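Here is what each chain is made of, one letter per residue.
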Amino acid sequence: MAQWCQLQMLDSKYLEQVDQLYDDSFPMDIRQYLSKWIESIDWDTVAVQDSLATVRFYDLLAQLDDQHSRFTLENNFLLQHNIRKIKRNLQDRFQEDPVHMAMIISRNLKEEQKILSYAKTIEPDGEGAVSAMVVEKLKLDNKVKDMKNRVQATDQNIKSLEDLQDEYDFKLNTLKNREHDMNGMTPKELERERMTIRTMCFDLKSKRQDVVSQLAEVLNVTQALVTDLISEELPEWKQRQQIACIGGPPNACVDQLQNWFTAAAESLQQVRQQLKKLQELEQKFTYDNDPITQEKAFLETRALELFKNLLVNSMVVERQACMPTHPQRPLVLKTGVQFTVKLRFLVKLQEFNYQLKVKAFFDKDVTEKKGFRKFNILGTNTKVMNMEESNGSLAAEFRHLQLKEQKVAGNRTNEGPLIVTEELHSICFESELQLNQSGLDVKLETMSLPVVVISNVSQLPSGWASILWYNMLTTEPKNLKFFLSPPAATWGQLSEVLSWQFSSVTKRGLNEEQLNMLADKLLGHKGQRNPEGLIPWTKFCKSINEKSFPFWPWIEGILDLIKRHLLPLWNDGSIMGFISKEREKSLLSKLCPGTFLLRFSESSREGAITFTWIEHDVHDKPVFHSVEPYTKRELTAVSLPDIIRTYKVMAAENIPENPLRFLYPDIPKDKAFGKYYPKPSETAEPMDVENVEKTGYMKTELISVSEVHPSRLQDNMMPMSPDDYKALEQYVSPKDIDAVASNLLGFGDFEVEMSADFEEDRGLETN
């Protein structure tokens, strides 16, 4: 089933997360209309090739033209208009930079996959947690509903009070006129009328008291709701945003928070209007100890303060600072490279549209930090918040900001207490809301999560490590000196974050087996994989000595290797990846010869992968062979499935054979990797010498071959299936087989072109 169709079948809470992926820069309409075409394109590849991005950009415009034609046939004028407008906007935004559009589509598709994956994971296993979240949401929804009902009831009572007061005023004036007209009513009738008016006056005073009490109660309920929103819901949303920034589950949609904030604001605005109405009634009629006179000022002040408090906390950073070139690495900014950041105002009232002018500042009001770098913020750093067409939210997106380091005299490096990737900085946003008719003058401010500023892309992995560590261990956005004394992380915390690093860029996180290997690497075997075991920052990201390399760069190298060369294999579970050599032998030891598994090398900082297979010697003892790890350089030339397909080992002068038969535990090699093999072409075969004259060349194929010199001779046999061995036993006795096997040579490893001599030797580890 298409990804877009699967998404539409999810619960509304997940659909809200999908909604957040699309805005005016790339509307959801395009995703809806062109879903099949969009999902048929490899946008990861498009996003790194300028020429291909340009082609796909014009392809997309052509697809929109086709869609417009369909709407024309349907006589759907509104959708025709929308499509034309979308096309114009895309041309304005991406004609000069189609790669940016490809990056947005690529990012959105990956985020959709994360939402799908998370929804499928959480529903069966996390039912309790989901239920708890639903219960909390229902509680707040009920509080909002109760508040609205009370406001409406108060409104009705004020209208009833107004009607009663008008009737009382009318009858009182009528009675006064009749008292002057002695011929109009008898004394008895006058007295009866006076009694009626006195009763109405009593009812009027009682009604006034009820309305004032109701308003006070409405403010009590609203205050409780506002407290919940500001003290609990907003911080929890911000914490979820932190988790989402470092690869965790997508943040629960901000729309729900906006709905609650807006509902509270609308109710407070209604209360303020109701108080004005009471003031009008008071001006027409009042008396000693009038509850309106006594309570009006207090209630007005209270309603205004609640409203201001709500507004002050309503400006949030909806999308944290991020370079479009590195959408999976938010909060790491490079000098001279544009970054984007998006704000939202949670109180969505029409009267605020175009009223909020927001200005961005870098490290504003930050205490002077000796040795820390200083930066100027360049680009359009002022934006006006307006209602977005896509979802109606009140937002402002800064799309063209850059940072430039301030040049200072002296050598900063010698003075600074931290390396540059441990320096934390902040982006502050300020605005002011002035609505004279409402008596409002509110200063607004919000701050981004801390950012790391790098000057070279090679610093990105270390900068990202700092972002991970900070957001994993603290929720305080202003603790910019965090790395002067960074706390240790527990393995329970770090293991989850490490898994997110894989699930955020692929379809698979880390399983328990893989995490166990990493736990042993960080905690040591004595640590017993204790979730409470502590891992210091230095062990995670810094070298212990010159010979070793830090843990995180090793993980980052593997992540890059997966993204560039192994993504399909990782996603389908073919790569075991993180497994110790001891565990590797344990898993393979009881399996049939030729069974192999894929694991990442522990000795390559840049990321490398190897395979290990099992054989049995003449005494039926297991022997394990591991090929020298393949790095990005080798995998750029030949894909790993091709290496596995064509891999050969050679004993003495025998014909080279492929020892790899089953992917662990028992999947036939071609079944596991066949879909990744190159499709056969109709061109001449690589060794088709009869067709050489047509091109002048014989085609070549790069393969891997293993060979061992006599000095490394071992008592090993080539992998042989049980069926082959039984067939051989019919003609040759086991004793003779042993005698022949003892004369066979072992294995080595090198690469060869089929039409040429062997090119280069590769090592083969035998255990």
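Above this text sits the structure in question.
Residues numbered from 1 in each chain as written. Predicted model: local features only at pLDDT ≥ 70, side-chain atom pairs only at ≥ 80, totals over all residues. Heavy atoms only, no water.

J.: Break down helix α12 (residues 291-312) for me, with residues and values.
T.: Taking 1.5 Å as the rise per residue, α12 with 22 residues should run 32 Å; its terminal C-alpha atoms sit 31 Å apart, in good agreement. Where α12 bends most, at alanine 297, the angle is about 30 degrees. Along α12, the positions that sit buried rather than exposed are Pro291, Ile292, Lys296, Leu299, Arg302, Ala303, Leu304, Leu306, Phe307, Leu310 and Leu311. Close packing links the buried residues of α12 with α10 (187-245), α11 (254-284), β1 (315-322), β3 (339-345), β9 (427-435) and β10 (440-447). By the N-cap criterion, in which a side-chain oxygen at the helix start approaches the backbone nitrogen of a residue two or three places on, α12 is capped by aspartate 290, the distance to isoleucine 292 being 3.0 Å. (Helix = DSSP H or I, 4+ residues; strand = E, 2+ residues; numbered from the N terminus. Expected span 1.5 Å × (residues − 1). Bend = angle between axes of the 7 residues up to and from the residue. Buried < 20%, exposed > 50% of the residue type's maximum accessible area, 1.4 Å probe, protein only. Contact = heavy atoms within 4.5 Å. Polar contact = N/O pair within 3.5 Å; in protein donor to acceptor, adjacent residues only side chain to side chain.)

J.: How would you sum up the packing of helix α15 (residues 491-503) against helix α16 (residues 512-523)? Please name residues and give values.
T.: Remark: α15 packs on α16, axes separated minimally by 11 Å, with the N-to-C direction vectors making an angle of 130 degrees. The orientation of α15 with respect to α16, classified from their angle, is oblique. Here the hand of the crossing between α15 and α16 comes out right-handed. Across the interface between the two elements, Trp491, Leu494, Ser495 and Leu498 from α15 touch Leu515, Leu518, Ala519, Leu522 and Leu523 from α16. Classifying every residue of the contact of α15 with α16 by side-chain character gives eight nonpolar, one polar and no charged. (Axes fitted to C-alpha atoms, helices over the stretch in contact; angles between N-to-C directions. Parallel < 35°, antiparallel > 145°, perpendicular 65-115°, else oblique. Left-handed = near helix turned anticlockwise from the far one by under 90°. Nonpolar A, V, L, I, M, F, W, Y, C, P; charged D, E, K, R; others polar.)

J.: Can you explain the pattern of salt bridges? Please cite residues and give values.
T.: A full pass over the atoms with the stated rule returns 30 salt bridges. Linking aspartate 44 and lysine 110 is a salt bridge whose minimum nitrogen-to-oxygen distance equals 3.4 Å. Taken together, the residues span a long stretch of sequence, with aspartate 44 in helix α5 (residues 43-46) and lysine 110 in helix α8 (residues 98-125) at a distance of 66 residues. Aspartate 44 sits in the partly exposed class, given a relative accessible area of 31%. Note that glutamate 602 is salt-bridged to lysine 521, the shortest N-O span being 3.2 Å. (Salt bridge = Lys/Arg side-chain N within 4 Å of Asp/Glu carboxyl O.)

J.: Before we move on, could you go through the environment of methionine 517 and cite the residues and values that matter?
T.: Along the chain, the position of methionine 517 falls in helix α16. In this structure, the C-alpha to C-alpha distance between methionine 517 and isoleucine 579, residues 62 residues apart in sequence, is 5.6 Å. Ignoring any residue separated from it by four or fewer positions in sequence, one finds methionine 517 in contact with Trp554, Phe578, Ile579, Ser580 and Glu602.

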